[in-house]
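Given next are the chains, with one letter for each unit.
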Amino acid sequence: DVKVTQSSRYLVKRTGEKVFLECVQDMDHENMFWYRQDPGLGLRLIYFSYDVKMKEKGDIPEGYSVSREKKERFSLILESASTNQTSMYLCASSLGEAQETQYFGPGTRLLVL
Amino acid sequence: AQSVSQHNHHVILSEAASLELGCNYSYGGTVNLFWYVQYPGQHLQLLLKYFSGDPLVKGIKGFEAEFIKSKFSFNLRKPSVQWSDTAEYFCAEYYGNNRLAFGKGNQVVVIP
């Protein structure tokens, strides 16, 4: 079974802090994704990566950056956290093209005070 | 950006009732459609998917979905729900360039 893990289930940070969210997948998937999930808004794509050191902006990249130095690991960075970035963050991975099934991690619930 | 529409965000029904969740997609290219489910406290997981072939797709836990091209729809159905079907359900479509567009979700509560 594909396993996608995220470094924290819950995180509390202060406004202005730099925040790192880590995601690791164990199935040698090419694609990795970061979404945020908000009630009534569904999932919105922040960034995705289709290979090591390769990244593309999703629909809501503002205020975020990403890093993929190794195939299995994809990090989401909030350079200066703001209260409107309080959300559930979901990492996903998939093999090859994105029409393949995406496998999701358990999510990180981030609260920015 | 592509859009996926899901109706009736909150659905409450009793056990043994039938469930149908509507989904309308907008992408006019090759159609790849998904339904994902998120049970309370669990991660999002695939329920079923349609790429081509038979427009009636069967998934896990007795769910099925029907692709109707003329209506741009991919509705999810289950003839008799159980309390364990309480979850949030998301419809999604692939619209190229490694992207999935998700709907806003349906929060389904099944009352025992």
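Whatever comes next refers back to the structure up there.
Residues numbered from 1 in each chain as written. Chains lettered and ligands numbered in written order. Predicted model: local features only at pLDDT ≥ 70, side-chain atom pairs only at ≥ 80, totals over all residues. Heavy atoms only, no water.

Peer 1: Is there a simple way to explain the packing of aromatic side chains in this structure?
Peer 2: Each pair of aromatic rings is reported with the distance of its centres and the angle of its planes. Scanning the entire structure with this criterion turns up 15 aromatic pairs over all chains. On the basis of an interplanar angle of 85° and a centroid distance of 5.4 Å, the ring pair of A:Y35 and B:F102 is categorised as edge-to-face. With A:Y35 in strand β4 (residues 31–38) and B:F102 in strand β11 (residues 100–102), the pair connects residues from two separate chains. Pair check on accessibility: A:Y35 and B:F102 agree, each one buried. Counting every residue linked through ring pairs, the aromatic cluster contains A:F33, A:Y35, A:F48, A:F104, B:F34, B:Y36, B:F51 and B:F102. (Phe/Tyr/Trp six-rings, centres within 6.5 Å; stacked < 30°, edge-to-face > 60°. Helix = DSSP H or I, 4+ residues; strand = E, 2+ residues; numbered from the N terminus. Buried < 20%, exposed > 50% of the residue type's maximum accessible area, 1.4 Å probe, protein only.)

Peer 1: Looking at this structure, I do not really get the state of the cysteines. What am I missing?
Peer 2: Any covalent bond linking the sulfur atoms of two cysteines counts as a disulfide. Using the criterion set out here, one finds two disulfides over all chains in the structure. With its sulfur 1.9 Å from that of its partner, A:C23 forms a disulfide with A:C91. Residues A:C23 and A:C91 share a disulfide whose torsion about the S-S bond is about -75°; that sign makes it left-handed. With A:C23 in strand β3 (residues 19–25) and A:C91 in strand β9 (residues 87–94), the pair connects residues that are 68 residues apart, well separated along the chain. Taking the relative accessible area as the measure of exposure, A:C91 reaches 0% and is therefore buried. Each sulfur of the disulfide joining B:C23 and B:C91 lies 1.9 Å from the other. One disulfide, between B:C23 and B:C91, carries an S-S torsion of -70° and so falls in the left-handed class. Here B:C91 lies in strand β10 (residues 87–94) and B:C23 lies in strand β4 (residues 23–25), a separation of 68 residues in the sequence. Like B:C23, the residue B:C91 is buried in the burial classification. (Disulfide = S-S within 2.5 Å.)

Peer 1: Would you mind showing me how to read the sheet that holds strand β1 (residues 4–6) of chain A here?
Peer 2: Strand pairing in a sheet is mediated by backbone hydrogen bonds. Such pairs are either parallel or antiparallel. Residues and elements named next belong to chain A. Overall, antiparallel pairing links the four strands, which are arranged β1-β3-β8-β7 in an open sheet. Only two strands of the sheet have a single partner each, and these edge strands are β1 and β7 (64–70). The average angle at which neighbouring strand axes cross in this sheet is 20°, direction not considered. Summarising the sheet, β1 and β3 pair through three bridges and their orientation is antiparallel. Pairing of T5 across the sheet is with V24, part of β3. (Pairing = 2+ DSSP bridges. Axes fitted to C-alpha atoms, helices over the stretch in contact; angles between N-to-C directions.)

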